[in-house]
Each structure stands twice: as C-alpha cells, then as structure tokens.
There are 2 protein chains.
Amino acid sequence: MKVRVEVMLKDGVLDPQGEAVRHALGTMGFAGVESVRQGKLIEMDVAEGTTDAEVKAMCERLLANTVIESYRIEM
Amino acid sequence: MKVRVEVMLKDGVLDPQGEAVRHALGTMGFAGVESVRQGKLIEMDVAEGTTDAEVKAMCERLLANTVIESYRIEM
C-alpha cells in the first residue's frame, strides 16, 4: 500500500533553503518568484492494513519535527 | 500564483536517506514498512502569467538534477 507524507515548515518558521532557491532563481533571470518554501515528500510502501493512526504515529515520532513542521498524509 | 514542484529520485537510483528512514521506522517498532523514498517538495509563489515553460526551465536548470531526479509540476 502506498502512503505519501508531505512535511513542510510551518508558516513563520524561517526557511533558509527555500530562500536560497528563491535567490538563485532570481540571479538566473527568473523574475517574479516571490517566495519559495522547501519541504520533504516521503513515499512509503507499507503493509496492507496499516492504519491511519500508525502512519500518524510515524509522522509524529520520526518523519516530522512537529515543533517547526506540519505534515499531511495521503493514503 | 502558487506552483508546486515535486522532485523525486528516479527508480533505480539508490536513496540512502529513504533507506535510513525505513530502517529507523523498523527499529522503532513500525513493522511492515517495505520501502521509503524521500524527495523534495517545493512550493513557490510566482507572478501571475508565469508560464508552464518557465517553471519547466526552473526545474531543468535548478530545482531538479535530471540525471538522477524526476520532477512533476502542479500549477
């Protein structure tokens, strides 16, 4: 069973990696890029019958740092 | 205008980061996680009127290393 987890920095948390991408795009001549946020996309192949609650626990305990990151599960 | 770009390692390219996550989940007691692939999720706020071709060029020139990574654009 395929599960996708998106992990993004919460609003208001400084994203130096995204800012570096924004700046690089500007210097390469791509005008009009106002902001860039970079997050993680985790695709997992899990056993059939894995529950939402288990995937949520994986996110809370390992995949996301919930102090500064939010996550979204698609399964 | 919001644009999302997903960048994943191509099939067959070794993903040590994903493998580390898979191993960590196993040692934490989450059974049945067969494989994990980790990619990047880039959310950009671009000027209205930015074309598909421009976003594609951003991906080809900066956001993805197309030798080993594939990308998908949502706009």
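Cut-offs used in this document
- Residues numbered from 1 in each chain as written.
- Chains lettered and ligands numbered in written order.
- Predicted model: local features only at pLDDT ≥ 70, side-chain atom pairs only at ≥ 80, totals over all residues.
- Heavy atoms only, no water.
- Helix = DSSP H or I, 4+ residues; strand = E, 2+ residues; numbered from the N terminus.
- Expected span 1.5 Å × (residues − 1).
- Buried < 20%, exposed > 50% of the residue type's maximum accessible area, 1.4 Å probe, protein only.
- Arc of directions from axis to C-beta.
- Contact = heavy atoms within 4.5 Å.
- Axes fitted to C-alpha atoms, helices over the stretch in contact; angles between N-to-C directions.
- Parallel < 35°, antiparallel > 145°, perpendicular 65-115°, else oblique.
- Nonpolar A, V, L, I, M, F, W, Y, C, P; charged D, E, K, R; others polar.
- Least-squares fit on C-alpha atoms with pLDDT ≥ 70 in both.
- Pairing = 2+ DSSP bridges.
- Buried area = accessible area lost by both parts, 1.4 Å probe.
- Salt bridge = Lys/Arg side-chain N within 4 Å of Asp/Glu carboxyl O.
- Polar contact = N/O pair within 3.5 Å; in protein donor to acceptor, adjacent residues only side chain to side chain.

## Observations regarding helix α1 (residues 16-27) of chain A
1) Next: Compared with an ideal rise of 1.5 Å per residue, which puts 12 residues at 16 Å, α1(A) spans 16 Å between its outermost C-alpha atoms and is within 8% of the ideal.
2) Next: The complete set of buried residues in α1(A) reads A:Gly18, A:Val21 and A:Leu25. Along the axis of α1(A), the buried residues cluster in a sector spanning 60°; they form a single face. For α1(A), exposure combined with an orientation more than 90 degrees from the buried face picks out A:Pro16, A:His23 and A:Thr27.
3) Next: Residues of α1(A) that are buried sit in contact with β2 (33-46) of chain A together with β2 (33-46) and α2 (52-63) of chain B.
4) Next: Of the residues flanking the end of α1(A), it is A:Gly29, one or two places downstream, whose phi is positive at about 100°.

## Considering the packing of helix α2 (residues 52-63) of chain A against helix α1 (residues 16-27) of chain B
1) Next: One way to put it is that α2(A) packs onto α1(B) with a least axis distance of 11 Å and a crossing angle of 110°. Judged by the angle between their axes, α2(A) and α1(B) are roughly perpendicular. Counted together, A:Met58, A:Leu62 and A:Leu63 of α2(A) and B:Val21, B:Ala24 and B:Leu25 of α1(B) form the full contact between these two elements.
2) Next: Looking at the contact of α2(A) with α1(B), its residues break down into 6 nonpolar, no polar and no charged.

## Quick word on the relation of the copies chain A and chain B
In this arrangement, two copies of a chain are superimposed by a rotation about an axis accompanied by a shift along the axis.
1) Next: With an RMSD of 0.0 Å, the operation that places chain A on chain B is a rotation of 180° combined with a shift of 0.0 Å along the axis. What the rotation and shift describe, once combined, is the action of a two-fold rotation axis. Relative to the rotation axis, the C-alpha of A:Lys40 is the closest in chain A, positioned 2.4 Å from it.

## What to know about the environment of B:Arg61
1) Next: Of note, B:Arg61 is situated in helix α2.
2) Next: Taking relative accessible area as the criterion, B:Arg61 reaches 53% and is therefore assigned exposed.
3) Next: Note: C-alpha distance between B:Arg61 and B:Gln38 (23 residues apart in sequence) is 21 Å.
4) Next: Apart from the residues within four sequence positions on either side, B:Arg61 is in contact with A:Met28 and A:Phe30.

## Here's the deal with the pairing of strand β1 (residues 2-9) of chain B
Residue and element names in this part refer to chain B.
1) Next: Burial analysis of β1 places 7 of its 8 residues in the buried class, the great majority of the element.
2) Next: Of the strand pairs in this sheet, β1 and β2 are connected by 6 bridges, and their pairing is antiparallel. Bridge pairing in β2 places glutamate 6 opposite leucine 41.

## Describing the interface of chain A and chain B
It is common to give the size of an interface as the accessible area lost on bringing the parts into contact.
1) Next: Taken residue by residue, the interface counts 31 residues in chain A and 31 residues in chain B.
2) Next: Both sides of the chain A and chain B interface together cover about 2,800 Å² of buried area, and 62% of this is carbon and sulfur.
3) Next: For the pair chain A and chain B, the interface holds 2 salt bridges.
4) Next: With a closest N to O distance of 2.8 Å, B:Arg4 and A:Glu6 form a salt bridge.
5) Next: At the surface where chain A touches chain B, the tally comes to 12 residue pairs in polar contact (both at pLDDT 80 or more).

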